[in-house]
Amino acid sequence: MSRCILKTEGIRKNFGGVVAVKDFSFEIDEGQIIAIIGPNGAGKTTIFNLVSKIYELDAGKISLCGADITKKSQIEVARMGISRTFQNARLFTGLSVLDNVRVALDFAGKYSLIEAMLLLPRRWKTERETTRRAMDCLELLNLDRYAGQRPANLPYGIQRRVEIARALVSNPKVLMLDEPAAGLNPEELFQLMDFLREIRAKYPQLAMLIIEHRMDLVMSISDYIYVQDFGETIAQGVACEIQNDPLVLKAYLGEEE
Amino acid sequence: MSNYQLSLIMLACISVISVSGVFAMTSLAGMFSLGQAAYMSICAYLTFCLAKYLDLPVMLTAVVGLAASGLVALIISLPALKLRRDYFALLSVGFGEMISSIVILLGKWTNASIGFSRIPKVDNLVLVILGITALVLFMVRNLKRSRFGRMCIALKTDEIAAKSFGIDVYRLKIKIYVIASMIAAVAGICYGLRNRVISPDAFDWSLSAEMQILLFFGGTNSLTGSVISAAALKILPEFLKGVSFFGVSLQDCKTIIYCALIIVIINFRTKGIMGEHELSLAPLVKLARKAGARRAKESK
């Protein structure tokens, strides 16, 4: 039996009169890949923002490895091992690709401000370790040759991959990918699928939660799928069940005349 | 070197120290403050007044002054850094004015607007100040290249994304603000030692604004750029002394010239002269190595 990593029970978020997420419940086990799909405005990104605590919950409960994290702050949740990417690649433009990845390890860096300013030994040791881990992660995603470049100068597909590297480097328990394939061309999409498989092979414990529109990606890699529409879960199941669900077809294609 | 030249070098050094503090705060962590001169004031007054009235060595009172500046910075930053950036900048102006008023209120000891001039003379002051400048620059450079520098640039670009990588934005800002203020305090001590007189006017908001201007002129994200501009623009007016147009010395037009420069920079080079580039010796070293390799080949 694999262990349940992340679990939400009836989480809800209203924006004024609009119910963005209505009583969403799900759980994800170690090593599982779960996809959340649904048309625009279905509240998918809001779910991510609730889990990563960028938004406060209006109701419901979130637990990580059995511990209640409903009241934790955004920073605490991130430090506990819930990592995410953003819909529009929010890379730190002032930092190089390598630094973008290193910065995700920096909150736990083992040297103080004084040690940093006086270049004391612990600073060197920690920096070497940080750089090594970041480079390993860049190599995994085949990004090592871009290490010294600024993300703004790179093609969009590469930027999205840098973002995945940044979220992955701290060895999180849960990796949440918000539309990783958005804006990618077919070739880049295939590469992305390969990389996701490689990540899965390298981190067998990692639970992945993916929001995606591209059905080919969702159907090929996810173990379980939730379909959202207007904040509600209208269907859930494995890929072949979802593909033939009449409610899903209706939400995506509109009603039959 | 003549005393005048030495005095110019010290002037440039003091400017460099204060601007490198502002660099840590504004360029790295994105906090825009117009009150950094207040920390120069706090530290200078504490150091020299304590030295005078308690008859203690300046070395000792300087430590007290530095610690006190750090403490004041900590107390101010706890509430102030919860504010949005623009309100923080506004508040810093108020803080600067407050410190000036306190200095005047304590006129019995500080001599109010007339200025406090019982500052001991230090031998070889140029060397001392040059040493301090080198040390401060070394520390700020290391800060930029450490995990703190990276986290600062991350939080400056995107606070929400920074938080989602576990960066405690609020605490980091406080740390940087305290360090930046203590660097300003160091500049305050040097200022006092060089000028041998300190007055509240010397540390008013225009000095804080000047630091920001020098920083932006040199390059918003370039330590070397802002250091060069801090030194060059600070001593430039001294050379304009003799130059006059229509009977008006250019030195009196300092503010006008600064403002004109800023307008030009803002319009044509939004990130300052150097932008994000740092001058380094690496290309020179590379060139030397290449030349060495070529020579080795030829000799074969």
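Only a predicted model underlies this, so the values are computations on that prediction, with no experimental measurement involved.

Procedures and definitions
Per chain, residue numbering runs from 1 following the sequence as it is written. Throughout, the order in which chains and ligands are written sets their labels, letters from A for the former and numbers from 1 for the latter. For this predicted model, a pLDDT threshold of at least 70 governs which residues receive local features, and a threshold of 80 or more governs which side-chain atom pairs are given and counted, while totals over whole chains, interfaces and linings are taken from all residues. Water and hydrogen atoms were dropped before computing side-chain values, which therefore reflect all heavy atoms in the structure. In this description a helix means any DSSP run of H or I spanning at least four residues, a strand means any run of E spanning at least two, and both kinds are numbered starting from the N terminus. Throughout, radius of gyration means the C-alpha value; the globule benchmark is 2.2 Å times the number of residues raised to the power 0.38. The cut-offs for exposure are 20% and 50% of the maximum accessible area for each residue type, with area from a 1.4 Å probe on protein chains only; residues under the lower value are buried, those over the upper are exposed, and the others partly exposed. Whether two residues are in contact is decided by their heavy atoms, any of which lying within 4.5 Å being enough. Only the protein chains shown count as covering a residue, and every accessible area follows the Shrake-Rupley method with a 1.4 Å probe. Asp and Glu are treated as the negative residues and Lys and Arg as the positive ones, with His and the ends of the chain left uncounted. We put the charge of a Lys on NZ, of an Arg on CZ, of an Asp on CG and of a Glu on CD. By convention, the term buried area covers the 1.4 Å-probe accessible surface removed from two parts as they join, with the contributions of both added. A pairing counts as a salt bridge when a side-chain nitrogen of Lys or Arg comes within 4 Å of a carboxyl oxygen of Asp or Glu. Polar contact criterion, stated in full: a pair of N or O atoms within 3.5 Å, where within protein one must be able to donate a hydrogen and the other to accept it, and residues adjacent in sequence count only if both atoms are side-chain atoms. Charged means Asp, Glu, Lys or Arg here, nonpolar means Ala, Val, Leu, Ile, Met, Phe, Trp, Tyr, Cys or Pro, and polar covers whatever is left, Gly included. Each residue carries a pLDDT score, the predictor's confidence in it, ranging from 0 to 100. DSSP-based pairing: two strands are paired if at least 2 bridges between them are found. The definition of a right-handed crossover adopted here requires that, viewed with the strands pointing away, the path from the first strand over the helix to the second runs clockwise. Working definition: a ring pair exists when centres of Phe, Tyr or Trp rings (six-membered ring for Trp) sit within 6.5 Å. Plane angles under 30 degrees give stacked, over 60 give edge-to-face, the rest tilted. Count a disulfide wherever a pair of cysteine sulfur atoms falls within 2.5 Å.

1. Overview of the overall build of chain B
Secondary structure summary: chain B contains 13 helices and two strands in total. Taking 19 Å as the expected radius of gyration for a compact globule of 300 residues, we find that chain B reaches 21 Å, a close match to that expectation. Overall size of chain B, expressed as C-alpha extent along the three principal axes, is 75 × 55 × 45 Å. Within the span of chain B, comprising 300 residues, buried residues form 51% of the whole. If you take every contact in chain B between residues at least 6 apart in sequence, the share linking residues at least 24 apart comes to 79%. Element-wise, carbon and sulfur atoms account for 68% of the exposed surface of chain B, whose accessible area totals about 14,800 Å². Computed over 31 positive and 15 negative side-chain charges, the inter-centroid distance for chain B is 10 Å.

2. Side note on the overall build of chain A
Summing up its helical and strand segments, chain A has ten helices and ten strands in all. What you see for chain A is a C-alpha radius of gyration of 19 Å, in line with the 18 Å of a compact globule of 257 residues. Its C-alpha atoms give chain A principal-axis dimensions of roughly 70 × 40 × 40 Å. Once local pairs closer than 6 in sequence are excluded, the contacts in chain A between residues at least 24 apart make up 67%. As presented, chain A carries roughly 11,600 Å² of accessible surface, and 51% of it is formed by carbon and sulfur atoms.

3. Focus on the interface of chain B and chain A
Residue-level contacts link 28 residues of chain B with 35 residues of chain A. Summing both sides of the interface, chain B and chain A together bury roughly 2,900 Å²; the carbon and sulfur share of this comes to 65%. Between chain B and chain A we count three salt bridges in total. Here Arg-150 of chain B and Glu-127 of chain A are joined by a salt bridge, their closest N and O atoms 3.1 Å apart. Viewed at the interface, chain A and chain B are joined by ten residue pairs in polar contact (both at pLDDT 80 or more). Elements that contribute at least two residues to the side of chain B that touches chain A include exactly helix H6 (125-144), helix H7 (147-157), helix H8 (159-163) and helix H9 (169-195) of chain B. Considering every element that reaches the side of chain B that touches chain A, the biggest residue donor is H7 of chain B, with seven residues. Of the residues assigned to the side of chain B that touches chain A, the class counts are 14 nonpolar, five polar and nine charged.

4. Focus: the confidence of the model for chain A
Per-residue confidence for chain A averages 90 on the pLDDT scale, and 98% of its residues sit at or above 70. Taken element by element, the predicted model of chain A shows its lowest mean pLDDT in helix H10 (residues 246-253) of chain A (78) and its highest in helix H3 (residues 97-102) of chain A (96).

5. Thoughts on H7 of chain B
For H7 of chain B, the buried fraction is high: nine of the eleven residues fall into the buried class. Measuring from the side-chain oxygen of the N-cap residue of H7 of chain B to the backbone nitrogen of Phe-148 of chain B gives 3.1 Å; that N-cap residue is Ser-146 of chain B.

6. Concerning the pairing of strand E7 (residues 174-178) of chain A
Residue and element names in this part refer to chain A. Most of E7 is tucked away, with five of its five residues classed as buried. By the alternation rule, side chains of E7 split into Val-174, Met-176 and Asp-178 and Leu-175 and Leu-177, which are all buried. By the bridge criterion, three bridges tie strand E6 (residues 82-84) to E7 in an arrangement that is parallel. What sits directly across from Ser-83, in E7, is Leu-175. Bridging between E7 and strand E8 (residues 207-211) involves five bridges; their strand directions are parallel. Along E8, the bridge assignment pairs Leu-175 with Met-208. Handedness of the E7-helix H7 (residues 186-202)-E8 crossover: right-handed.

7. Topic: unusual backbone geometry
Residue and element names in this part refer to chain A. Residues other than glycine seldom take positive phi values, yet Asp-23 does so here, at roughly 45 degrees. Counting through the fold element by element, Asp-23 comes out in strand E2 (residues 18-29). Taking relative accessible area as the criterion, Asp-23 reaches 37% and is therefore assigned partly exposed. The phi torsion at Asn-171 lies on the positive side, around 55 degrees, for a residue other than glycine.

8. Thoughts on the packing of aromatic side chains
Scanning the model with the defined rule gives 13 aromatic pairs over all chains in all. Aromatic side chains Phe-92 of chain A and Phe-165 of chain B sit 6.3 Å apart centroid to centroid with 75 degrees between the ring planes, which places their arrangement in the edge-to-face category. Of this pair, Phe-92 of chain A sits in the loop between E6 and H3 while Phe-165 of chain B is found in the loop between H8 and H9, placing the two residues in two different chains. The pair formed by Phe-92 of chain A and Phe-165 of chain B is uniform in burial state, with each residue classed as buried.

9. Some points on the pairing of strand E1 (residues 4-15) of chain A
Residues and elements named next belong to chain A. When E1 meets E2, the two strands line up antiparallel, connected through eight bridges. When the sheet's bridge partners are listed, Asn-14 is paired in E2 with Val-19. The antiparallel hairpin formed by E1 and E2 contains two residues in its connecting segment, where Gly-16 sits at a positive phi of about 60 degrees. Judged from the five bridges that link them, E1 and strand E4 (residues 59-64) form a sheet pairing that is antiparallel. Opposite Thr-8, over in E4, you have Ile-62 as the bridge partner.

10. Regarding the state of the cysteines
Across all of its chains, the model carries zero disulfides over all chains by this definition. This cysteine, Cys-65 of chain A, is not joined by any disulfide, and Cys-4 of chain A carries the nearest cysteine sulfur, 8.2 Å off. Overall, Cys-65 of chain A belongs to the partly exposed group, its relative accessible area being 29%. Free of any disulfide, Cys-43 of chain B has its nearest neighbouring cysteine sulfur in Cys-190 of chain B, separated by 9.4 Å.

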